[in-house]
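Structure at a glance
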Amino acid sequence: MEYKKAFDLIADKVEEELTKTGFTRQKVASADDDPVALFTGQNIAYSVTYVTDKQQMLLRSCAMTDEGPDNEWKTLSTWLYDDYVATQKDAESIANDFVEGVSGSAAIKRAKQVKAKKKKSDDGNADPKFLAKRFVTYFPELRDEIKTEEDCYYPFRGATFARDHIAPKIKLYLQKANSKETEKLAGVFNLQYNNGDTDTRSIITIVLLNSLGEDEFAQLSEYFDEDLSKAAAAARKYIGKEVKPEKPKAKTVSRFSTLKDQQ
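Residues numbered from 1 in each chain as written. Predicted model: local features only at pLDDT ≥ 70, side-chain atom pairs only at ≥ 80, totals over all residues. Heavy atoms only, no water.

In this section: the overall build of the protein chain. Check the secondary structure of the protein chain and you find eleven helices and eight strands. In the protein chain, buried positions account for 41% of the 263 residues. Within the protein chain, contacts between residues separated by at least 24 positions form 62% of all contacts whose residues are at least 6 apart in sequence. For the protein chain, the accessible area works out to roughly 15,300 Å², and carbon and sulfur atoms hold 49% of it. (Helix = DSSP H or I, 4+ residues; strand = E, 2+ residues; numbered from the N terminus. Buried < 20%, exposed > 50% of the residue type's maximum accessible area, 1.4 Å probe, protein only. Contact = heavy atoms within 4.5 Å. Areas by Shrake-Rupley, 256 points an atom, 1.4 Å probe, with all protein chains shown as cover.)

In C-alpha cells, the structure reads:
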C-alpha cells in the first residue's frame, strides 16, 4: 500500500479518536514527501507524520502553550513502513497502535502531566508492549500472540514475551537476511532503544540481543548506533547469568474468551 494512502488512513483513524475528546485537526504546511497531521487539545498536541527517507510512521506529542504547540516533540510510537512490502493490513495495525497511544488511561495520564517537570532527555516512554508491536511488521503472527498475552496476563509480561515469542523469530530471520534487511532490523532496535523506558531497554539488550549467537550478534550490531552499541556490549557480560524472573499477576479470562474456547 502506497505510503501516502497509508498515512491518510492512519491520520483519519487518529482524528476520529481524538475528536471524541475535543481535539481539533489543524492545517499545517508539510513537504509533499513527508506528510504531517497535527491535532491540538487544551494541554497537549499530537502529530502523525511519515519520514520518507527513513520509511517511518511516527506518533509524537508535545505540550500546548498560549501560542500553540511548544514543538518539543516526544516520540510515542515508531513503525517502519516500506511501500514495497507493506499492505493495508499493516497500515491498519499502525493506526490501531496510534489510536491506542492517544486514548485510554495512558493518554489521560500524559495530558495531566504535561505541565509537570520534564524527565531527562534520555528517558524514553515506550513500554515493552510497544516494543513487541514494533516487530509485527516482520512477524505478523505476533498479532495473535500479543492478543493472547494481553487476554491471559496483567501486566503485560514484556521480558517473558520477548524471550518466548520474539527472540526465536529474530534468530531465524537473521539466518536468512541480507545486509539491507539486517540494517533495517537494526534500525528498529536503535529506535526502540532510544525511545524505550528502562524495562524496554533491558529487554532489548538482556533478552533479545543476548539470545543471539556471536555470529548473529556481530551481523546485527554492525548497524547499531553509539548508544545501543555500548549498552549491547555491556549486556553481553550477563549471558549465562540468572536474571530476576517476572512475577506476573494472572488475568481473569473473560467470559467471551471462555465461550470462544468452548465452541
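With that settled, the discussion passes to empty space enclosed by the protein. Enumeration according to the criterion identifies one cavity of 30 Å³ or more in this entry. Of the volumes computed, that of the largest cavity is approximately 40 Å³. Lining the largest cavity, in full, are T78, W79, L80, R134, V188, L191 and Q192. The class makeup of the residues in the lining of the largest cavity is four nonpolar, two polar and one charged. (1 Å grid on protein atoms, 1.4 Å probe; cavity = no way out; pocket = protein on both sides within 12 Å on 5 of 7 lines; lining within 4 Å. Points joined across faces, edges and corners; volume = space filled by probe spheres on them. Nonpolar A, V, L, I, M, F, W, Y, C, P; charged D, E, K, R; others polar.)

Moving on: the side chain of T40. Relative to the helices and strands, T40 resides in strand β2 (residues 36-40). The class for T40 is buried, based on a relative accessible area of 11%. Beyond its immediate sequence surroundings of up to four residues, T40 is in contact with G22, F23, T24, Q26, A45, M64 and P69.

This brings us to the packing of aromatic side chains. Under the defined criterion, the tally for this structure stands at ten aromatic pairs. Judged by centre distance (5.6 Å) and plane angle (45°), the rings of F23 and Y46 are tilted. Of the two residues, F23 sits in the loop between α1 (3-18) and β1 (24-26) while Y46 sits in strand β3 (residues 44-51), which places them 23 residues apart along the sequence. Both residues of the pair, F23 and Y46, belong to the buried class. (Phe/Tyr/Trp six-rings, centres within 6.5 Å; stacked < 30°, edge-to-face > 60°.)

The next subject is the layout of surface pockets. Taken as a whole, the second largest pocket holds about 450 Å³ of empty space. Lining of the second largest pocket is provided by 21 residues; of these, Q55, L80, D82, Y138 and K184 occupy positions nearest its centre. It is helix α7 (residues 179-195) that provides the largest number of residues to the lining of the second largest pocket, a total of seven residues.

On to unusual backbone geometry, then. Following Y154, the chain continues to P155 via a peptide bond in cis, the omega torsion being -5°. Here P155 shows up in the loop between β7 (153-154) and α6 (158-176). Positive phi is not limited to glycine here, since Q55 has a value of about 55°. The phi torsion at N71 lies on the positive side, around 65°, for a residue other than glycine.

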